[in-house]
Every structure is written in structure tokens, then in C-alpha cells.
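# A structural walkthrough
These are the residues of each chain, in order.
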Amino acid sequence: MVKRLKRNLYILLIGSLMLVFSIVFCLLIQQNIKEKRKNSITYLNRMASMLIFSMEQNSDYMEILSDYEKSSWLSYSFRLLSDTDPFLYQSENLEDCSEIIDAFLDTLQQHQSYALSPLELKDCERSGQSAAYTIRMPDGKNYDCIYCEIVTSYGITFGLSIVKESDSFASLLLPELKFYICIWCGVFLFIIFLSRILAMITVKPTEAAMQSQKDFIAAVSHECKAPLAAILSSAEMIESEPDIPDTIKNHVQIIDSEVSRMSRLIGDLLLLSSLDAGNWTFHMDEINIDTLLINLYTEYDQICRIKNILLQLNIPDECFPPFYSDEDRLNQIISIFLDNAVSYSPPEPEISLNASVEKNKLVITIIDHGIGISDKDKPFIFDRFYQCDKSRTQREHFGLGLSIANELVNKLDGKILLFDTAGGGCTFKIFLF
């Protein structure tokens, strides 16, 4: 229970911290990308200002624009017109350059009053530039655009459109992707470490309380063994006396029955205490599975006949391959499920004990057609002292059998699965590797 609590708390802490970190991390990346986009637009504005200054003083505009196209790593494209020529120059290094510039100029015409034709350029008094615009084209790509009016010292007025493809999300993120991954992995490892420490600190008081409870149960169980043995011995001595009245015999039988019941409970508690303390040792050896199952069938077939229950054993015709495990513990595990199947089955049903080998796993299946287990009880059936019958009318059961079986199977590196039997009842599958 404490292990499950610690695991659940550990997962919850990791999930919560990773969620918070992921949100903060995404916001930081988003802010970083916005900053890069802002820097890109700022660079475009500065480059437009430099072009205006260069073309104001130098009449060889073709050389200036060509130099920018060749040397710029940002792949700028230009369209130049003058007050005497509507189409002086246009770059060819950008596909659909005319369509992009036309879309930009249409947008600019709608928002600002700039001279966009040679006739209007004659009225320009001084150089200037528009704000930067981002145009989205039908192909889904974005382009950063800016328009400049250049009044030169040698008497010519130019209108210059500057276009470049906007930086994509990938191009903005990839240069620092390794850095982001390193940060992510570092924080993830730190969160795992921190969550583990917090989970241990949080669960420590509960773990201490549970350990005290286990120690108390173990101590009480040990202390009760001797008095119960003395009571059982005294009851047997009284029962062996000749000529005792029937009423006394009946009382002695009740004492004998209840002491036996208490002895089974104490035995189960001591077994669980040993498993919790890690003192239980398993004697692993080669087991003859066929012999083990046949012996169990023979033992429980006699019990089933008393309740008019049909017990079936289904095993392959060929012998099972060698299997290494603890024979006594495996016998105990299967016996717990068979005992439950017999106890919770009405008269004249059928119980099946099946065994097979699937992908190097030994699979033992116990199928009954008894009262079954409700969906609300299924998550708790392996908890100690948990009983589906809240009234506890089944006095021979204490709610420890399935707990012990589950603990033993876990110690043997196996697992147990529960299914509903068609028509009612339970199907338990035990997988042993």
C-alpha cells in the first residue's frame, strides 16, 4: 500500500512539475521567437535606411542593388521605379516576386499615402520609408516587405520595394534546438530527482506508521501462537476423556474449530509479515508441473464432490517443459484460488483448472461460475483484509488469501489478471515467467 502510494505520488509530482515547466518553457521559447522576429524587422528597417542613404549619394543604383542581392544572407528582392520610368529594375532571385510585391503595394496603398507611381514620385520632397509589413501569400509563406521613397541629390526620385521571405518557425527554432533539448533533459532529470525526494519525505510518516502496524501484527501473531496451541491441546485432551456429556463435546468442537480458524489467520499474518520484512526465502528448483497440477486436482476433487461441484483439469497432452520455481509456494498460490472458487460457488456448478505455455510463460487459469466480483470491488481484491462480502458471512475467509497469492506471485516475478467468466463468476490467470 505504501509502495503504491509512493509511486502514485511520485508520478503525480513528476506530471505536475513537468506540466508547469512545459508551460513556462513554451512561453520562453515563444518570447524568444517573438524577439527574433522583432530583430529581423528591425534589421529590415535599418537596411532600408542604409539603401536610402546609399542611393541618395550614388547614381549607380544597379550596382548598389546587385551588391545587396549577392552579399545579403537574407535573400532580399527589390523592385525599383523612378519618376521617369515605371519599371527600372526587379530582382529575379525570388519566385513569384512580382506577385508578392504587387500584393504588398496593394496593402500599402490601403493603409498609407505613399507615392506608388512615377507620376506621384515627382511630388516627393524628401526621402522616407514605410513601416514594415508581413504579407501572407496563397502558398502559405510569409514575406516581410518595406517601401522606400528616395529623393537623390542628382535630381532623380526613386520608389523602392524591398521583400524577403519571413523566417519560419523551424528556422527560428533549429539554431538553438540543441540548447533547448539540453535544457529540457536537464530540467527533466532534476524534476525526477526532486519528485523522488519529495515523495519520500511526504510518504515517510505514513511508511513509519504502516511499519509500526506491521511490527505490531507480527508481534501479536507470534505471541498468540503459544496460547492457541495450549487451548487446542487442552480441547483435544477434554475431547479424549471418556463419558463426557454431548453438550461438553459440542462446546469442545466449537473451541477446536475456532482455534483452528485463528491458527490459520495467525499463519497468514506471519507469512505476510515475513514477506514484508524480506525474510522469506524461496527454494527454486525444477518442478514437474504435470505432477503438481494432478496432485492439486486429486486433492480438491474430493472437496468439490462434497459440494456437488465438477472440477475439471485441462492440460496439454505433451508434458510441460522444465520450469524452475518454488514448488511449495506455487502449490500454495493455486490452492488459494481453488479454495476461493469452491467456497464462493453454489452447488452443482463447474470449476476449471487449466494450464498452458504461452511465449515462454507458464499460464495457469482458474475458472469458476460462482457469485463473481463486482466492478467496484475489483481494484481492491488484492488489498489485505478486503472482502467483497461486507457482512463477512464467510467466516472461514479473512480477506488475506488473494493478498498472499498476489505477494507470492510478485516475488516470483509473475502477475495475476482477473476476468469475468461468461455467465457469471471469475477467471483468474496467473502468468509465471
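Here is a short report on the structure shown in this document. Because the structure is a prediction, the values reported are computed rather than measured.

Conventions adopted
- Residues numbered from 1 in each chain as written.
- Predicted model: local features only at pLDDT ≥ 70, side-chain atom pairs only at ≥ 80, totals over all residues.
- Heavy atoms only, no water.
- Helix = DSSP H or I, 4+ residues; strand = E, 2+ residues; numbered from the N terminus.
- Buried < 20%, exposed > 50% of the residue type's maximum accessible area, 1.4 Å probe, protein only.
- Contact = heavy atoms within 4.5 Å.
- Areas by Shrake-Rupley, 256 points an atom, 1.4 Å probe, with all protein chains shown as cover.
- Phe/Tyr/Trp six-rings, centres within 6.5 Å; stacked < 30°, edge-to-face > 60°.
- Patch = residues over 30% accessible without salt bridge, like charges linked within 9 Å, V, L, I, M, F, W, Y side chains within 5 Å.
- Salt bridge = Lys/Arg side-chain N within 4 Å of Asp/Glu carboxyl O.
- Pairing = 2+ DSSP bridges.
- Axes fitted to C-alpha atoms, helices over the stretch in contact; angles between N-to-C directions.
- Core = buried A, V, L, I, M, F, W, Y, C linked by side-chain atoms within 4.5 Å.
- Expected span 1.5 Å × (residues − 1).
- Bend = angle between axes of the 7 residues up to and from the residue.
- Polar contact = N/O pair within 3.5 Å; in protein donor to acceptor, adjacent residues only side chain to side chain.
- Parallel < 35°, antiparallel > 145°, perpendicular 65-115°, else oblique.
- Left-handed = near helix turned anticlockwise from the far one by under 90°.
- Nonpolar A, V, L, I, M, F, W, Y, C, P; charged D, E, K, R; others polar.

Attention shifts here to the overall build of the protein chain. Secondary structure assignment for the protein chain yields ten helices and 13 strands. Of all 433 residues assigned to the protein chain, the portion counted as buried reaches 39%. Across the protein chain, every contact between residues at least 6 apart in sequence was considered, and the portion connecting residues at least 24 apart equals 65%. Carbon and sulfur atoms form 57% of the exposed surface of the protein chain, whose accessible area is close to 25,200 Å².

Turning next to the packing of aromatic side chains. A complete count under the given rule lists six aromatic pairs for this structure. Each ring, one from tyrosine 61 and one from phenylalanine 158, has its centre 5.3 Å from the other, and the planes form 55°; the classification is tilted. Residue tyrosine 61 is located in helix 2 (residues 61-71), and its partner phenylalanine 158 is located in strand 6 (residues 157-165); the two are separated by 97 residues in the primary sequence. By relative accessible area, tyrosine 61 is classed as buried at 19%. For phenylalanine 158, a relative accessible area of 1% puts it in the buried group.

This next bit is on helix 10 (residues 401-411). When helix 10 is considered as a whole, its buried residues turn out to be Leu402, Ser403, Ile404, Ala405, Asn406, Leu408 and Val409. Aspartate 413 sits one or two positions beyond helix 10 and adopts a positive phi of about 60°.

Taken together, Leu19, Ile23 and Leu27 make up a surface patch of nonpolar side chains, about 290 Å² in accessible area. With respect to the secondary-structure elements, leucine 19 resides in helix 1 (residues 2-57). Given the relative accessible area of 53%, leucine 19 is considered exposed.

Let's shift gears to the sheet that holds strand 13 (residues 426-432). Strand pairing in a sheet is mediated by backbone hydrogen bonds. Such pairs are either parallel or antiparallel. Read from one edge to the other, the open sheet built from five strands follows the order 8-10-11-13-12, with strand pairing classed as mixed. Two strands in the sheet have a free side with no partner beyond their single neighbour: strand 8 (310-314) and strand 12 (415-420). Averaged over all neighbouring strand pairs, the angle between strand axes comes to 15°, with direction disregarded. Pairing between strand 10 (residues 350-358) and strand 11 (residues 361-367): seven bridges, direction antiparallel. Within the sheet, the bridge partner assigned to asparagine 354 lies in strand 11 and is threonine 365. Packing against the sheet, helix 8 (residues 289-306) makes contact with strand 8, strand 10 and strand 11, and its axis sits at approximately 170° to strand 8.

Attention now moves to the pattern of salt bridges. Taken as a whole and judged by the stated rule, the model has six salt bridges. Across the pair lysine 378 and aspartate 375 runs a salt bridge whose closest N-O atoms are separated by 3.1 Å. Exposure remark for lysine 378: the relative accessible area of 23% places this residue in the partly exposed category. With a shortest N-O distance of 2.8 Å, aspartate 420 and lysine 378 are connected by a salt bridge. On the criterion of sequence distance, the pair formed by aspartate 420 in strand 12 and lysine 378 in the loop between strand 11 and helix 10 is long-range, its members being 42 residues apart. The network of salt bridges with shared partners includes Arg37, Asp144 and Lys164.

Nonpolar side chains tend to gather and get buried jointly when the protein is soluble and globular. Counting 42 residues, the largest nonpolar core has Ile334 and Phe337 as the members making the most contacts within it. Elements represented by at least two residues in this core include exactly helix 7 (246-277), helix 8, helix 9 (327-343), strand 10, strand 11, helix 10 and strand 13. Per element, the largest residue contribution to this core is eight residues, and it comes from helix 9. Filtering out sequence-adjacent residues up to four positions away, isoleucine 334 remains in contact with Leu292, Leu293, Leu296, Leu353 and Ile364.

Let us now look at helix 8. For helix 8, which comprises 18 residues, the first-to-last C-alpha distance of 26 Å matches the rise-based estimate of 26 Å (1.5 Å per residue) to within 8%. At tyrosine 300, helix 8 is deflected by roughly 25°, the largest bend along its length. Those residues of helix 8 that sit buried are Ile289, Asp290, Leu292, Leu293, Leu296, Tyr300, Asp301 and Cys304. Contacts from the buried residues of helix 8 go to strand 7 (285-287), strand 8, strand 9 (323-325), helix 9, strand 10 and strand 11. The N-cap of helix 8, judged by a side-chain oxygen 3.2 Å from the amide nitrogen of aspartate 290 a few residues on, is asparagine 288. In the segment just after helix 8, asparagine 308 is the residue with positive phi, at about 55°.

Our next topic: the packing of helix 8 against helix 9. Where helix 8 meets helix 9, the closest approach of the two axes is 11 Å, and the angle between their N-to-C directions is 30°. By the angle between their axes, helix 8 is roughly parallel relative to helix 9. Crossing of helix 8 against helix 9: the hand is right-handed. Contacts between helix 8 and helix 9 involve Ile289, Leu292, Leu293, Leu296, Tyr300, Ile303 and Cys304 from the first element and Glu327, Leu330, Asn331, Ile334, Ser335, Leu338, Asp339 and Val342 from the second. Broken down by class, the residue content of the contact of helix 8 with helix 9 amounts to eleven nonpolar, two polar and two charged.

Take the pairing of strand 1 (residues 77-82) next. With six of its six residues buried, strand 1 lies for the most part within the structure. What you see with strand 1 is no split at all: Ser77, Arg79 and Leu81 on one side and Phe78, Leu80 and Ser82 on the other are buried throughout. Relative to strand 2 (residues 89-90), strand 1 runs antiparallel, the two being bridged by two bridges. Bridged to leucine 80 within strand 2 is tyrosine 89. With antiparallel pairing between neighbouring strands as the criterion, strand 1 and strand 2 make up a hairpin whose turn holds six residues.

Separated by 97 residues in sequence, tyrosine 61 and phenylalanine 158 have C-alpha atoms that sit 9.7 Å apart. Filtering out sequence-adjacent residues up to four positions away, tyrosine 61 remains in contact with Met55, Leu80, Leu88 and Phe158.

Attention now goes to the side chain of aspartate 144. Along the polypeptide, aspartate 144 turns up in strand 5 (residues 142-151). Under the relative-accessibility criterion, aspartate 144 is labelled buried at 0%. Of note is the side chain of aspartate 144, whose polar atom sits 3.1 Å from the side chain of threonine 134. Apart from residues no more than four positions distant in its own chain, aspartate 144 is found in contact with Arg37, Ser40, Ile41, Leu44, Tyr133, Thr134, Ile162, Val163, Lys164 and Ser166.

All quantities given are derived from atomic positions and should not be read as evidence of function.
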